[in-house]
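Each chain, written out:
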Protein chains: 4
Amino acid sequence: MASNSLGNLFKIISFGESHGSGIGVVIDGLPANIEIDLEQIQKKLDERKPGSSDIVSPRKETDQFEILSGLYEGKSTGSPLSIWIPNTDQKPQDYDKLKNVFRPSHADFTYLKKYGIRDHRGGGRSSARITAGWVAAGAIAEQLLKNSGIEVISYVSQIYTHKIPDNLSIEQLRESKNPLRCPHADTAMSIQQSIEQAIKDKDSLGGIVSTQILNCPIGLGEPVFEKFQAKIGQAIFSLNAVKGLQFGGGFEMSTKKGSEVNDEWQTVDSQFKTKTNFSGGLQGGISNGMPIIFDVAFKPVSTIGKPQQTLDTAGNTITLTASGRHDPCVVPRAVPIVSALTWLVLADLWLMGNIKPN
Amino acid sequence: MASNSLGNLFKIISFGESHGSGIGVVIDGLPANIEIDLEQIQKKLDERKPGSSDIVSPRKETDQFEILSGLYEGKSTGSPLSIWIPNTDQKPQDYDKLKNVFRPSHADFTYLKKYGIRDHRGGGRSSARITAGWVAAGAIAEQLLKNSGIEVISYVSQIYTHKIPDNLSIEQLRESKNPLRCPHADTAMSIQQSIEQAIKDKDSLGGIVSTQILNCPIGLGEPVFEKFQAKIGQAIFSLNAVKGLQFGGGFEMSTKKGSEVNDEWQTVDSQFKTKTNFSGGLQGGISNGMPIIFDVAFKPVSTIGKPQQTLDTAGNTITLTASGRHDPCVVPRAVPIVSALTWLVLADLWLMGNIKPN
Amino acid sequence: MASNSLGNLFKIISFGESHGSGIGVVIDGLPANIEIDLEQIQKKLDERKPGSSDIVSPRKETDQFEILSGLYEGKSTGSPLSIWIPNTDQKPQDYDKLKNVFRPSHADFTYLKKYGIRDHRGGGRSSARITAGWVAAGAIAEQLLKNSGIEVISYVSQIYTHKIPDNLSIEQLRESKNPLRCPHADTAMSIQQSIEQAIKDKDSLGGIVSTQILNCPIGLGEPVFEKFQAKIGQAIFSLNAVKGLQFGGGFEMSTKKGSEVNDEWQTVDSQFKTKTNFSGGLQGGISNGMPIIFDVAFKPVSTIGKPQQTLDTAGNTITLTASGRHDPCVVPRAVPIVSALTWLVLADLWLMGNIKPN
Amino acid sequence: MASNSLGNLFKIISFGESHGSGIGVVIDGLPANIEIDLEQIQKKLDERKPGSSDIVSPRKETDQFEILSGLYEGKSTGSPLSIWIPNTDQKPQDYDKLKNVFRPSHADFTYLKKYGIRDHRGGGRSSARITAGWVAAGAIAEQLLKNSGIEVISYVSQIYTHKIPDNLSIEQLRESKNPLRCPHADTAMSIQQSIEQAIKDKDSLGGIVSTQILNCPIGLGEPVFEKFQAKIGQAIFSLNAVKGLQFGGGFEMSTKKGSEVNDEWQTVDSQFKTKTNFSGGLQGGISNGMPIIFDVAFKPVSTIGKPQQTLDTAGNTITLTASGRHDPCVVPRAVPIVSALTWLVLADLWLMGNIKPN
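It should be emphasised that the depicted structure is a prediction, and the values quoted were computed from it without experimental measurement. (Residues numbered from 1 in each chain as written. Chains lettered and ligands numbered in written order. Predicted model: local features only at pLDDT ≥ 70, side-chain atom pairs only at ≥ 80, totals over all residues. Heavy atoms only, no water.)

Here's the deal with the relation of the copies chain A and chain D
Copies of the same chain, two in number, are related to each other by a rotation about an axis and a translation along it.
Part 1 of the reasoning: Rotating chain A by 180 degrees and moving it 0.0 Å along the rotation axis overlays it on chain D with an RMSD of 0.0 Å. Overall, the copies show the geometry of a two-fold rotation axis. For chain A, the smallest separation between a C-alpha atom and the rotation axis is recorded for Ile355(A), amounting to 2.1 Å.
Part 2 of the reasoning: Most of the interface of chain A is mirrored in chain D, where 100% of its interface residues are also at the interface. (Least-squares fit on C-alpha atoms with pLDDT ≥ 70 in both. Contact = heavy atoms within 4.5 Å.)

See below:
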């Protein structure tokens with residue numbers, strides 16, 4: 001209960017459902033006098049929204065938002081800034097036949113058992129549609145940190161078995177502007193083919209979104225239970241379909257010796273830098289000035305057109321063939337969401353790190 | 001700031017440093033009338049404590065605890081239960097030569113830069129020694145849930161390149177009682193040899209701790225930002241040396257198709273069960289009654305005896321050869337800590353899930 | 001910052017401004033399956049809204065609300081229930097001449113100095129108009145507790161120098177249905193005359209709202225910093241114009257001896273009752289089953305038509321004669337707000353008190 | 001549950017019981033590099049402790065504290081600073097005969113009913129002894145704000161029917177150093193006589209502690225639910241025996257017209273000042289630079305030597321004649337506690353107000 005807010009100082013409260021009247025978010029803790037660029041918010045929402053290409057859900061949401069409060073003459077006032085994104089293309093009747101069905105790997109069963117009631121229309125509150133609010137809030141977090149120099153680069157590093165090479169430059173990672181948000185053209189082409197095949201097969205594909213945070217100042221992250229990675233951990237695992245998260249050298253480091261993956265310090269232009277970055281920019285939960293690096297693993301979308309055997313609420317075995325509108329691969333659309341969550345964590349840690357008592 | 005508490009309803013506040021007078025924890029939110037088994041707490045602390053075998057740190061802490069408050073005639077009173085574990089074998093002088101050194105992959109640099117002051121003795125607050133308090137609190141969380149039927153099984157599933165087979169039974173996993181906490185004898189033997197070699201090489205090894213939560217009632221986990229996995233994510237990434245976390249099918253699922261990893265529902269003895277458990281017991285952030293499964297990747301301990309080049313606080317390059325007392329492989333000792341954090345999350349979600357308004 | 005939420009388990013987040021597009025509230029923590037009576041919410045809003053009689057502000061707000069989320073087939077779903085109350089009769093131009101004025105005893109000066117920016121239109125976020133959201137949320141809190149037997153009676157016990165007698169019965173207090181919400185006819189008549197005189201004088205009047213909570217179950221309130229009175233204290237002092245709060249015997253008890261005001265226990269029909277109730281139903285911060293009694297003192301409305309000397313933002317002395325629309329006496333309209341805040345605290349404590357771990 | 005912490009950024013966690021092993025407090029959120037003056041902490045504890053004169057409880061607690069964590073070379077480290085005050089003069093046997101008694105106006109009944117278990121020894125957790133921890137933490141809050149210029153003056157303004165004159169100067173208020181903490185000699189003498197009479201009568205007396213916060217910078221307080229007065233409200237009503245709280249003109253303002261109590265702005269030495277200060281230094285929940293003024297009403301101590309009729313836990317009527325050690329009038333000893341709570345709120349608001357995002 002009372003579990004729909006994220007952050008301490010830069011706090012968002014998320015509300016709304018997939019097929020209700022819309023999706024909302026309140027930002028409580030936005031400092032005053034921040035210029036808000038509305039077009040920039042819309043641009044981020046457009047990156048997330050469905051219907052933008054032939055490989056994503058055909059649901060046509062314009063995702064045009066309104067600012068309900070907290071803005072005065074283009075600037076934040078210190079009061080809660082709230083955003084409302086009306087649902088315009090909901091088709092709840094698409095879901096009528098799902099009213100009594102427990103879809104495989106969806107939250108149907110758990111929501112019904114937990115709450116004794118379920119808004120089955122499009123997943124209700126468990127729908128990824130609610131992340132529209134997070135993306136809008138993340139855009140504002142980014143604007144708060146506009147002058148910080150921090151840059152967040154999120155991109156598709158893998159879909160299905162297609163993985164980008166390890167040696168791409170920051171410039172290449174930054175230029176993941178294609179619909180697949182994949183920075184490597186050859187890999188993107190293979191992914192495109194696999195997605196097209198998955199559409200034909202009425203199947204779906206998983207993948208990985210990777211993130212680099214550049215120019216993060218030294219000192220962000222609050223030991224011990226608000227460590228940088230702990231806050232990313234909470235935020236990222238709040239996102240549907242995420243099954244794994246790793247920082248820096250990640251799972252691979254579990255197979256290594258300390259002498260292989262310790263990050264020795266050196267000076268570069270009189271700056272303290274580590275020679276390697278297996279730590280992923282974080283030590284003791286605090287940013288050390290090196291790029292903060294993490295990878296987020298997504299399972300394939302659970303909604304598939306292939307027939308599946310499952311149960312209805314009465315316990316009868318049924319064969320389910322999804323219609324509705326859904327993505328064969330949600331990973332490219334997850335890129336702006338991972339990025340937004342990262343900005344939200346950054347803004348919260350930024351404010352925590354900028355308390356100047358004297 | 002104010003980042004040393006974990007949980008909402010079953011809340012712990014952690015305090016103390018490695019080489020100060022001791023380690024403490026306050027539990028705020030323990031319901032009244034819970035019988036507290038002090039021996040059981042000690043047993044858990046003994047599992048975590050150093051000095052227990054030749055492959056762990058020779059620091060000899062008895063880790064004998066005192067209950068400072070909250071206990072009356074053997075039962076909790078509803079008031080904060082606090083525990084104090086005095087440090088008895090600290091040797092801060094071991095660390096004198098580290099006062100001005102930034103050890104590779106330690107929190108020395110980040111703590112000093114963030115706070116402008118650093119208790120360098122044994123890592124101070126960034127030391128894993130503070131987890132003694134977490135383990136004691138976790139033991140109490142477990143006692144709170146004694147009648148819930150929930151069982152938490154944590155074990156070493158991999159150290160260095162040695163990985164247990166996938167097909168071990170629950171009975172085998174449960175019997176990870178050797179000092180390595182590894183449920184598979186052959187793998188344990190290989191690990192033992194690698195650790196002995198690492199000691200000779202003055203090196204360290206990483207590994208993975210896996211956990212299964214059995215008999216978790218359906219409905220634990222609070223959407224959206226207090227999802228079961230989000231809370232595990234926050235708790236686990238608060239633990240030193242953790243570089244990765246995955247649930248159920250984990251990272252592997254990013255390479256799969258939906259049709260391969262969707263968990264279809266069936267009835268087994270009139271119970272709703274999924275045929276497979278790639279979801280790891282969690283859907284929409286809520287437990288579905290299947291085993292909750294996750295893996296935690298640990299990097300090798302950063303303190304190694306091998307000479308390393310690094311910097312002192314003045315920016316001079318120095319060669320560091322660690323003496324002090326430390327573990328060649330912290331992964332077996334991490335098992336009771338991962339288990340304790342799991343119990344802490346469970347207790348918090350249990351209380352949240354057991355609010356009965358009518 | 002992040003200071004716009006109240007409550008832990010039954011948590012409300014307030015947003016919106018007086019002369020923005022509307023007023024909103026999110027309830028995070030409403031249990032699922034609560035039937036929501038929309039008419040009842042409207043009725044409560046109507047009790048608070050301006051324009052309802054000739055002694056209150058002539059601003060004509062219909063205060064018709066929309067449920068934005070969290071309701072499905074007439075019941076709560078366990079997801080955030082959010083409410084939006086559009087502003088329809090805002091006349092920001094009324095406030096143009098106040099843009100650079102610091103009105104006496106208003107928040108103009110403090111908001112501008114704190115935030116460096118101020119939405120001067122109708123007080124912006126500092127306006128009592130934002131309490132419309134609290135009243136709507138309070139109506140839902142009341143519905144959550146519908147079967148609890150708890151009754152909240154708030155009424156005007158004093159305006160200006162006119163005070164109701166001490167010996168009114170519960171039945172009389174309950175029947176404060178006149179526009180003045182004053183349970184005593186003679187006192188109400190005197191108040192009415194004084195208010196009419198104040199209107200003529202372009203002045204305003206203060207007063208006291210008293211509250212009795214009946215049938216509150218024993219055991220609500222969480223020691224030590226979430227004591228019943230501490231939570232009422234936080235909630236009530238969040239309300240504009242409140243200058244004092246007292247429980248039970250209140251300030252008068254400071255002039256007494258213990259033997260005069262101690263509440264001795266006796267049994268009445270085998271129930272434990274206190275002979276007197278100077279404690280106001282609370283001992284150790286916990287409800288004891290007796291009526292919970294408190295009084296809230298309101299200063300006179302700061303906006304008056306009489307000329308006042310004050311400063312503009314440049315520091316020039318100016319003479320201010322308020323036009324705008326405002327109440328000569330806000331105390332009757334404060335009754336449903338005090339009542340709503342009481343229900344919000346009750347709902348939060350109710351959920352906290354109904355965690356059943358076993 | 002989880003109700004033993006106060007504050008968001010400067011957060012204290014209180015633990016311990018009257019007749020357990022001691023009283024503790026953890027400060028989570030103390031910034032690093034604050035010099036901690038241990039003698040100053042002891043001095044504040046000495047002001048609160050019993051046994052200091054013939055008009056207070058004869059319990060002889062030395063209240064000598066230990067710092068358990070968070071201090072390094074005399075300075076805070078940014079880690080939790082925790083303090084432990086052992087109980088040394090507890091005489092739990094004094095309370096044996098109270099084990100099954102519900103003392104009038106004590107928390108005996110409510111604690112037992114709420115928790116089903118009660119540490120009856122000296123009131124356990126409901127004892128005012130736990131405020132020793134608050135006073136220690138308050139002393140540290142004060143040291144954090146040492147350079148802020150803020151001054152907190154708390155004093156006894158009334159005991160029983162003896163009230164100090166209204167026209168005392170700040171200098172006089174500041175000099176309330178007698179055991180009665182009363183700034184006016186004649187009033188103090190009358191109070192002394194009444195207390196001596198109360199001792200003879202085996203009775204107790206109530207009173208009022210007043211506070212002025214001087215030089216508080218403009219802008220402290222966070223609308224809307226963390227208003228300055230809302231936070232003071234929560235903190236002060238967490239203190240035993242408090243029955244009332246008022247700010248500035250207080251309850252008296254409820255009998256006034258706006259034209260009588262509005263605070264008009266003027267410039268004094270080019271500073272914005274109000275001509276009067278009925279607002280008590282707070283407007284819209286934010287400090288306006290004028291003295292912040294509030295009064296706290298205490299009921300008489302509930303423990304009296306006079307025989308009282310009450311019930312035991314079985315519902316039998318008994319006659320209770322208190323022995324044990326207790327104060328005839330707790331109000332003078334409440335002065336350092338009110339002051340400490342004020343500093344705790346100030347420190348929290350200070351940190352909130354000093355987040356500098358750019």
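Remarks on the environment of Lys146(B)
Part 1 of the reasoning: Residue placement: Lys146(B) occurs in the loop between helix H3 (131-144) and strand S9 (151-159).
Part 2 of the reasoning: Considered as a pair, Lys146(B) and Phe251(B) are 105 residues apart in the sequence and their alpha carbons are 33 Å apart. (Helix = DSSP H or I, 4+ residues; strand = E, 2+ residues; numbered from the N terminus.)

Here we look at the interface of chain A and chain D
Put simply, an interface is often sized by how much accessible area is lost when its parts join up.
Part 1 of the reasoning: Counting residues at the interface gives eleven residues for chain A and eleven residues for chain D.
Part 2 of the reasoning: For the pair chain A and chain D, the summed buried surface comes to about 970 Å²; carbon and sulfur atoms form 64% of the total.
Part 3 of the reasoning: Of all residues in chain A, Ile355(A), Lys356(A) and Pro357(A) bury the most surface against chain D, accounting for 45% of the area lost on that side.
Part 4 of the reasoning: Our count for the chain A to chain D interface comes out at zero salt bridges.
Part 5 of the reasoning: Across the chain A-chain D interface, the total number found is four residue pairs in polar contact (both at pLDDT 80 or more).
Part 6 of the reasoning: When its residues are assigned to classes, the side of chain A that touches chain D shows eight nonpolar, two polar and one charged. (Buried area = accessible area lost by both parts, 1.4 Å probe. Salt bridge = Lys/Arg side-chain N within 4 Å of Asp/Glu carboxyl O. Polar contact = N/O pair within 3.5 Å; in protein donor to acceptor, adjacent residues only side chain to side chain. Nonpolar A, V, L, I, M, F, W, Y, C, P; charged D, E, K, R; others polar.)

Description of the confidence of the model for chain A
Part 1 of the reasoning: Residues at a pLDDT of 70 or more form 96% of chain A, whose mean pLDDT is 94.
Part 2 of the reasoning: At the level of chain-chain contacts, confidence expressed as ipTM amounts to 0.97, with global pTM at 0.97. (pLDDT = per-residue confidence, 0-100.)

Looking at the relation of the copies chain A and chain B
Part 1 of the reasoning: If you rotate chain A by 180 degrees and push it 0.0 Å along the axis, it lands on chain B with an RMSD of 0.0 Å.
Part 2 of the reasoning: Here 100% of the interface residues in chain A have copies in chain B that are interface residues too; the copies meet face to matching face.

A look at the side chain of Thr131(B)
Residue and element names in this part refer to chain B.
Part 1 of the reasoning: Structurally, Thr131 is set in helix H3.
Part 2 of the reasoning: Residue classification places Thr131 among the buried positions, given a relative accessible area of 2%.
Part 3 of the reasoning: Setting aside anything within four residues of it in sequence, one finds Thr131 in contact with Arg48, Leu239 and Ile337. (Buried < 20%, exposed > 50% of the residue type's maximum accessible area, 1.4 Å probe, protein only.)

A few points about the sheet that holds strand S1 (residues 5-6) of chain A
Residues and elements named next belong to chain A.
Part 1 of the reasoning: Across the sheet, which stays open at both edges, the five strands sit in the order S1-S2-S3-S7-S4 with antiparallel pairing between neighbours. At either margin of the open sheet sits one strand with a lone partner, and together these are S1 and strand S4 (66-69).
Part 2 of the reasoning: As paired strands, strand S2 (residues 11-16) and strand S3 (residues 22-28) are joined by six bridges and run antiparallel to one another. Each residue of the ladder has a partner; that of Phe15, found in S3, is Gly24. (Pairing = 2+ DSSP bridges.)

A word on the pattern of salt bridges
Part 1 of the reasoning: The full count for this structure, using the stated rule, is 60 salt bridges over all chains.
Part 2 of the reasoning: The closest approach of N and O atoms between Arg48(A) and Asp63(A), which form a salt bridge, is 3.5 Å. Of this pair, Arg48(A) sits in helix H1 (residues 38-48) while Asp63(A) sits in the loop between H1 and S4, and the two are 15 residues apart along the sequence. The pair formed by Arg48(A) and Asp63(A) is uniform in burial state, with each residue classed as buried.
Part 3 of the reasoning: A salt bridge links Asp108(D) to Arg103(D); the shortest N-O distance between them is 2.8 Å. Grouping residues by exposure puts Asp108(D) and Arg103(D) together as buried.
Part 4 of the reasoning: Shared partners join several salt bridges into a network, and the residues in it are Arg48(A), Asp63(A) and Arg129(A).

Notes on the interface of chain A and chain B
Part 1 of the reasoning: Taken residue by residue, the interface counts 99 residues in chain A and 99 residues in chain B.
Part 2 of the reasoning: Counting each side, the surface lost to burial between chain A and chain B is near 8000 Å², with a carbon and sulfur contribution of 61%.
Part 3 of the reasoning: Counting across the chain A and chain B interface gives two salt bridges.
Part 4 of the reasoning: Here Glu222(A) ties to Lys114(B) by a salt bridge, and the two come within 2.8 Å at their closest N and O atoms.
Part 5 of the reasoning: If you look at where chain A meets chain B, you find 49 residue pairs in polar contact (both at pLDDT 80 or more).
Part 6 of the reasoning: Looking at the side of chain A that touches chain B, the element that brings in the most residues is helix H2 (residues 108-115) of chain A, giving six residues.
Part 7 of the reasoning: Pairing of strand S12 (residues 242-247) of chain A with strand S12 (residues 242-247) of chain B involves three bridges; the strand directions are antiparallel.

Topic: unusual backbone geometry
Part 1 of the reasoning: Cis peptide bonds are those with omega within 30 degrees of zero, and the linkage from Pro223(C) to Val224(C) qualifies with 5 degrees.
Part 2 of the reasoning: Relative to the helices and strands, Val224(C) is located in the loop between strand S11 (207-214) and helix H6 (228-236).
Part 3 of the reasoning: Within the chain, Ala241(B) stands out as a residue other than glycine whose phi angle is a positive 75 degrees.
Part 4 of the reasoning: Relative to the helices and strands, Ala241(B) is located in the loop between helix H6 (228-236) and S12.

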